[in-house]
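# Structural characterization, general
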Amino acid sequence: MKGEGQSRSLFGIPLTERPKWQQFLLCSSGFFFGFLINGICEEYVYNRLQFSYGWYFTFVQGFVYLGLIHLQGFTTKQMVNPWNTYVKLSGVLMGSHGLTKGSLAFLNYPAQLMFKSTKVLPVMIMGAFIPGLRRKYPLHEYISAVLLVVGLILFTLADAQTSPNFSVIGVVMVSSALVMDSFVGNLQEAIFTMNPETTQMEMLFCSTVVGLPLLIPPMLLTGELFTAWNSCKEHLYVYAVLVFEAMATYVGQVSVLSLVAIFGAATTALVTTARKAVTLLLSYLIFTKPLTEQHCSGLLLIAMGIVLKLLPDYKDSNPQKQKRKQQHHEDHIGQDEERNSLV
C-alpha cells in the first residue's frame, strides 16, 4: 500500500493515523463531490450555452487553482522538488486534455467514452515501465479492471441514443490521449514515491504553473483565445460559473492526488472510472429513467469488479491472522539464520 509512514492530510483533515478504509472514503468523497459539480457546470456551459472553449476554460481554471493554493498558504519555499520534475508531467497532462477535446471533432460522445472508460488498463500496464515504480499487479486486479471497464461500456451503450461513430483520425487521437493518461497517474505516483515529502499542494501548484504556458500555443493556433475572450466578455456571468466549477474541481483534484499518494495510480484510475458509473446511475435515480437488462448487466459487472478489487485488501484484516502470519515469517527467518550459522 502506498503512503505507509508518510504524513498526509486533506484540507486540514489528518489522514495518516486513520484506518485505510477511512482514508479511502475521505479522499473518494472529495473526488466525487468535486467532479460531480464539475460535470453539472460543464453540462451548463458546453451544452446549454454552447460555449465549447476547452482550452480557454482550462486556462482560466488554472488561475483559480493558483489563487486557491495561495489561500491555503503554499509558497515556493515549501517545494521539495526542482521545477524540471514537473515538466514531463505537465506536458502529458496538457497533451491528454487537448487530444481528448480534439477527438470529439471526429468521434461522437459514446465512442469517446468507450475509449476513455478503458483508462485503468493502460495505467496499470504503464506502471511496470515508469522509473521509480516498476509496479506489478496480480492477475485478480487486471480481471477487476476488465470487469469494471466492460460493465461501464455496457451501461454507456445502453444509455446512448446513438451508436458509436468511429473515425480513424479520432481513434488515433483518443488512443494517444489514453497513452498520455497512463503516464499522468504513474508519473504523479513516481514523484510521491521517490520523494515522500512531496505534498498534494506542491504537485498541483507546479503542474499548473508549468502547464499554463503550454495552453497558449493551441489557443493562438485555433483562434480560440480571442473568440472565447469576446464571447465571455458579452456574457460575464460565465466567469462566475467557471470560478465555481474550478473551486469544486480543485477539491476533486487535491482528493485525487491524495488517492495517488496513498493508494497508487491504478486504484485511483479505478475510482475515477467508477465515478462515471455512479454519475450515470444517479441520473437514472434522480430523473427516474427506466433501467433495461443491459443497464443491470453493466451494473452487475461494475459491482463484481469493485468487490474483486476490495476483497484482497481485507482478506487478512483479522489481527489474529496477521499476528500468526508475522510469527510464521519470523520463525522462517530464524531457521534460515540458524542454517547459515551452521554453514
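Residues numbered from 1 in each chain as written. Predicted model: local features only at pLDDT ≥ 70, side-chain atom pairs only at ≥ 80, totals over all residues. Heavy atoms only, no water.

For the chain, the name recorded in an unreviewed UniProt entry is UDP-galactose/UDP-glucose transporter 2-like, with Musa acuminata subsp. malaccensis as its organism. According to UniProt, the comment filed for the chain under the heading Subcellular location (unreviewed entry) is "Membrane". (UniProt positions renumbered as here; feature names shortened; annotations may be inferred.)

## A few points about the overall build of the chain
The number of helices and strands found in the chain is 13 helices and two strands. Expressed as a percentage of its 343 residues, the buried residues of the chain come to 45%. Expressed as a percentage of contacts within the chain between residues at least 6 apart in sequence, the contacts between residues at least 24 apart total 85%. Accessible area of the chain: about 18200 Å², with a carbon and sulfur share of 65%. (Helix = DSSP H or I, 4+ residues; strand = E, 2+ residues; numbered from the N terminus. Buried < 20%, exposed > 50% of the residue type's maximum accessible area, 1.4 Å probe, protein only. Contact = heavy atoms within 4.5 Å. Areas by Shrake-Rupley, 256 points an atom, 1.4 Å probe, with all protein chains shown as cover.)

## Concerning the confidence of the model for the chain
Segments scoring low in pLDDT should not have their predicted coordinates read at a detailed level. Averaged over every residue, the pLDDT of the chain is 76; the share at 70 or more is 73%. Confidence drops under a pLDDT of 50 for residues 313-323, and excluding neighbours within four residues, the segment shows five contacts in the predicted structure. With pLDDT under 50 throughout, residues 335-343 is counted as low confidence; its partners more than four residues away or in other chains account for zero contacts. (pLDDT = per-residue confidence, 0-100.)

## A word on the packing of aromatic side chains
The full count for this structure, using the stated rule, is eight aromatic pairs. Between the aromatic rings of phenylalanine 59 and phenylalanine 63, the centroid separation amounts to 5.1 Å while the plane-to-plane angle is 80 degrees, which identifies the pairing as edge-to-face. Remark: phenylalanine 63 and phenylalanine 59 occur in helix α2 (residues 54-71); sequence separation between them is four residues, near one turn of the helix. Assessed through its relative accessible area of 18%, phenylalanine 59 is described here as buried. Ring geometry for phenylalanine 74 against phenylalanine 205: centres 5.3 Å apart, planes inclined by 55 degrees, an arrangement best described as tilted. A residue pair is termed long-range when its members are at least 10 positions apart, and phenylalanine 74 in the loop between α2 and α3 (87-103) and phenylalanine 205 in helix α8 (residues 200-222) qualify at 131 residues. Each of the two residues, phenylalanine 74 as well as phenylalanine 205, counts as buried. Within the aromatic cluster, the residues linked to one another by ring pairs are Phe11, Tyr65 and Tyr250. Across the ring face of phenylalanine 263, the terminal group of lysine 20 is positioned such that the distance to the ring centre comes to 5.8 Å. (Phe/Tyr/Trp six-rings, centres within 6.5 Å; stacked < 30°, edge-to-face > 60°. Lys NZ or Arg CZ within 6 Å of the ring centre and 35° of its normal.)

## Section: the packing of α8 against helix α9 (residues 224-234)
Between α8 and α9, the shortest axis-to-axis distance is 5 Å and the interhelical angle comes to 85 degrees. In terms of axis orientation, α8 runs roughly perpendicular to α9. Listed contacts from α9 to Met219, Leu220 and Thr222 of α8 are Glu224, Leu225 and Phe226. (Axes fitted to C-alpha atoms, helices over the stretch in contact; angles between N-to-C directions. Parallel < 35°, antiparallel > 145°, perpendicular 65-115°, else oblique.)

## Remarks on a nonpolar patch on the surface
Among the surface-exposed residues, Ile216, Leu220 and Phe226 lie close enough to one another that they form a single nonpolar patch of about 290 Å² accessible area. Relative to the helices and strands, leucine 220 is located in helix α8. (Patch = residues over 30% accessible without salt bridge, like charges linked within 9 Å, V, L, I, M, F, W, Y side chains within 5 Å. Salt bridge = Lys/Arg side-chain N within 4 Å of Asp/Glu carboxyl O.)

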